[in-house]
Amino acid sequence: MSGATSPAWAIATQTGVELRLTARRGENLLAMVGIPAVILLLFGTTAILPAPATGSRVDALLPGTLSLAIIATGLVNLGIATAYERGYGVLKRLGGSPLGRSGVIAAKILTILIIEFVLLAVLVGLAVAVLGWRPPGPIDWPVLVAAVILGTATFAGFGLALAGAVRPEATLVLANILFLLALAVGGVLVPVDGLPPPIGTVAAFFPPAILTDALRIGLGAPGDPVVVLALGAWALFAVLLAIRAFHWD
């Protein structure tokens, strides 16, 4: 194996390990796959939630469940798993291996990107096959891809910041609290303009609602693509926070 290909091979190997470990974490799989899928199918086939002002229920729900999957993958799965690896000393040993610290981070980010694109395919497939969803307009691929990448950077950054700054038990609690807040008031189930004014006004400036709006526009709904710039600002902030807060031991 040449020196030029060794780092790429090491990252690919570690990515495979990360994927296998993720598949064994039942509670994380529930957050990443089970909860978004159940929300999409349950609320997409019932009238529990109020009907959206425009479009179908699925038009409103699909971007929110995609957003929830990204949050669960980056914040909950990556954050909690990395926190326990750090607490057990695994992260420090990996960082000192030939893979190197940059290789460890690259493998983790590649892992969650692979997981997310699988989750997006599953959720969109459920919406199309089970709920009969069709895009309300032409899919804006640049906005959709940018939303996924920037949303990943945002919530992976927050997940790594938590994992590298506080104890594993605290990361577990905080990540799940933030996940539940995103579910309740992050524009995932109910658009922020449908929340009580003080809550909705504040929630509109936070990443879950911004990511959901960007995904909605990417999936063909009308809207201003400038929302991607706001998401990019949050992604930059989260990455810088992770760089500053993260400690390997």
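Enquirer: Describe a nonpolar patch on the surface, listing the residues and the values that go with them.
Expert: On the surface, Leu172, Val173, Leu174, Ile177, Leu178 and Leu181 cluster together to form a nonpolar patch covering roughly 480 Å² of accessible area. Summarising the element assignment, Ile177 is placed in helix H7 (residues 168-185).

Enquirer: So, the layout of surface pockets: which residues are in play, and what are the values?
Expert: Volume-wise, the second largest pocket comes out at about 380 Å³. Along its surface, the second largest pocket is lined by 16 residues, and Leu178, Leu181, Phe206, Pro207 and Pro208 are the ones closest to its centre. If you list the elements that add at least two residues to the lining of the second largest pocket, you get helix H3 (57-87), helix H6 (141-165), H7, helix H8 (197-203) and helix H9 (207-218). Of the residues in the lining of the second largest pocket, the class split is 15 nonpolar, one polar and no charged.

Enquirer: Describe in detail the environment of Gln14, supporting the description with residues and values.
Expert: In this structure, Gln14 sits in helix H1 (residues 6-23). Sequence spacing of Gln14 and Ala230 is 216 residues, and the spatial spacing of their C-alpha atoms is 33 Å. Setting aside its immediate chain neighbours within four residues, Gln14 contacts Leu94, Leu99 and Ala107.

Enquirer: Explain the packing of H3 against H6 to me, using residue names and the numbers behind them.
Expert: In the contact formed by H3 and H6, the axes pass within 8 Å of each other and the chain directions differ by 25°. The angle between H3 and H6 places the two elements in the roughly parallel class. Once H3 is placed against H6, the crossing between them reads as right-handed. Residues Ile70, Ile71, Gly74, Leu75, Leu78, Gly79, Thr82, Ala83 and Arg86 of H3 pack against Val148, Gly151, Thr152, Phe155, Ala156, Phe158, Gly159, Leu160, Leu162, Ala163, Gly164 and Ala165 of H6.

Enquirer: Outline the nonpolar core, listing residues and values.
Expert: One finds Leu62 and Leu215 to be the most contacted residues of the largest nonpolar core, which totals 48 residues. Elements that contribute at least two residues to this core include exactly helix H2 (26-45), H3, helix H5 (100-129), H6, H7, H9 and helix H10 (227-245). Among the elements that take part in this core, H3 stands out by supplying twelve residues, more than any other. With near-sequence residues (within four places) excluded, Leu215 lies in contact with Pro63, Leu66, Ser67, Ile70, Leu144, Ala147 and Val148. Membership of the second largest hydrophobic core comes to 15 residues, among which are Leu78, Val104, Ala163 and Ala242.

Enquirer: A description of the pattern of salt bridges should follow, citing residues and the corresponding values.
Expert: Evaluated as defined, the whole model comprises four salt bridges. As a salt-bridge pair, Lys108 and Glu18 come within 3.2 Å of each other at their nearest N and O atoms. With Lys108 in helix H5 and Glu18 in helix H1, the pair connects residues that are 90 residues apart, well separated along the chain. This pair shows no difference in class: Lys108 is buried, exactly as Glu18 is. With a closest N to O distance of 3.8 Å, Glu169 and Arg167 form a salt bridge. Of the residues examined, Glu169 reaches a relative accessible area of 41% and is grouped as partly exposed.

Calculation notes
- Residues numbered from 1 in each chain as written.
- Predicted model: local features only at pLDDT ≥ 70, side-chain atom pairs only at ≥ 80, totals over all residues.
- Heavy atoms only, no water.
- Patch = residues over 30% accessible without salt bridge, like charges linked within 9 Å, V, L, I, M, F, W, Y side chains within 5 Å.
- Areas by Shrake-Rupley, 256 points an atom, 1.4 Å probe, with all protein chains shown as cover.
- Salt bridge = Lys/Arg side-chain N within 4 Å of Asp/Glu carboxyl O.
- Helix = DSSP H or I, 4+ residues; strand = E, 2+ residues; numbered from the N terminus.
- 1 Å grid on protein atoms, 1.4 Å probe; cavity = no way out; pocket = protein on both sides within 12 Å on 5 of 7 lines; lining within 4 Å.
- Points joined across faces, edges and corners; volume = space filled by probe spheres on them.
- Nonpolar A, V, L, I, M, F, W, Y, C, P; charged D, E, K, R; others polar.
- Contact = heavy atoms within 4.5 Å.
- Axes fitted to C-alpha atoms, helices over the stretch in contact; angles between N-to-C directions.
- Parallel < 35°, antiparallel > 145°, perpendicular 65-115°, else oblique.
- Left-handed = near helix turned anticlockwise from the far one by under 90°.
- Core = buried A, V, L, I, M, F, W, Y, C linked by side-chain atoms within 4.5 Å.
- Buried < 20%, exposed > 50% of the residue type's maximum accessible area, 1.4 Å probe, protein only.

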